[in-house]
Amino acid sequence: MKYRKELAEGFATPQEVQEYLSGKAVWMVGDAARYLNVTTGFYRNNILNIPDHPSPLDPRAGNLKWWSRELAPWLSDTANLKKK
């Protein structure tokens, strides 16, 4: 992937991160956090528990996963990120 090294070293811009992630079909929590440029802990504590957050593929799985084509648009709409 084009930005893999930059991501690993922490030098990718937020736009480069989003471009890289748009090429992945399935995201885990860390991918969603990187998409928003927040820590995984922040994402788990503040965003994952928003009531209308998209459902994971298998909610019983140890590592939660989502379809990126469903999660990216939801995360891009800042109105969704407000707790109701």
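Heads up: the structure comes first, above all this text.
We now turn to the structure provided with this report.

Cut-offs and rules
Residues numbered from 1 in each chain as written. Predicted model: local features only at pLDDT ≥ 70, side-chain atom pairs only at ≥ 80, totals over all residues. Heavy atoms only, no water. Helix = DSSP H or I, 4+ residues; strand = E, 2+ residues; numbered from the N terminus. Contact = heavy atoms within 4.5 Å. Areas by Shrake-Rupley, 256 points an atom, 1.4 Å probe, with all protein chains shown as cover. Phe/Tyr/Trp six-rings, centres within 6.5 Å; stacked < 30°, edge-to-face > 60°. Buried < 20%, exposed > 50% of the residue type's maximum accessible area, 1.4 Å probe, protein only. Core = buried A, V, L, I, M, F, W, Y, C linked by side-chain atoms within 4.5 Å. Polar contact = N/O pair within 3.5 Å; in protein donor to acceptor, adjacent residues only side chain to side chain. Salt bridge = Lys/Arg side-chain N within 4 Å of Asp/Glu carboxyl O.

What follows concerns the overall build of the protein. Counting its secondary structure elements, the protein contains five helices and two strands. Counting helices and strands in the order they occur from the N terminus, the protein gives α-α-β-α-α-β-α. Expressed as a percentage of contacts within the protein between residues at least 6 apart in sequence, the contacts between residues at least 24 apart total 46%. About 5600 Å² of surface is accessible on the protein, with carbon and sulfur atoms providing 52% of the total.

One pass over the full model with this rule turns up one aromatic pair. Residues Trp-27 and Tyr-35 carry aromatic rings whose centres are separated by 5.1 Å and whose planes lie at 45 degrees to one another, so their mutual orientation is tilted. Since its relative accessible area comes to 12%, Tyr-35 is described here as buried.

Here the focus is the environment of Gly-23. Mapping Gly-23 onto the fold places it in the loop between helix 2 (14-22) and strand 1 (26-28). Residue class for Gly-23 comes out exposed when judged on its relative accessible area of 54%. Spatially, the C-alpha atom of Gly-23 lies 8.7 Å from that of Ser-68, the residues being 45 residues apart in sequence.

This part is about the nonpolar core. One finds Trp-27, Tyr-43, Leu-71 and Leu-75 to be the most contacted residues of the largest nonpolar core, which totals 18 residues. When contributions to this core are tallied by element, the ones reaching two or more residues are helix 2, helix 3 (29-36), helix 4 (40-47) and helix 5 (68-76). Not counting residues within four places of it along the chain, the set of residues in contact with Leu-71 comprises Trp-27, Ala-32, Tyr-43, His-53, Pro-54 and Trp-66.

Before going further, it helps to examine the side chain of Asn-80. Structurally, Asn-80 can be placed in the segment after helix 5. Asn-80 gets classed as buried once you look at its relative accessible area, which sits at 13%. In this structure the side chain of Asn-80 is engaged in a polar contact, spanning 3.0 Å, whose partner is the backbone oxygen of Trp-74. Aside from chain neighbours lying at most four places away, what touches Asn-80 is Ile-50, Asp-52 and Trp-74.

It is worth spelling out the pattern of salt bridges at this point. One pass over the structure, following the stated rule, counts three salt bridges. Ionic pairing is found between Asp-31 and Lys-24, a salt bridge with its closest N-O pair at 3.0 Å. Residue Lys-24 is classed as partly exposed on the basis of its relative accessible area of 25%. For Asp-58, the salt bridge goes to Arg-60, with nearest N and O atoms at 3.4 Å.

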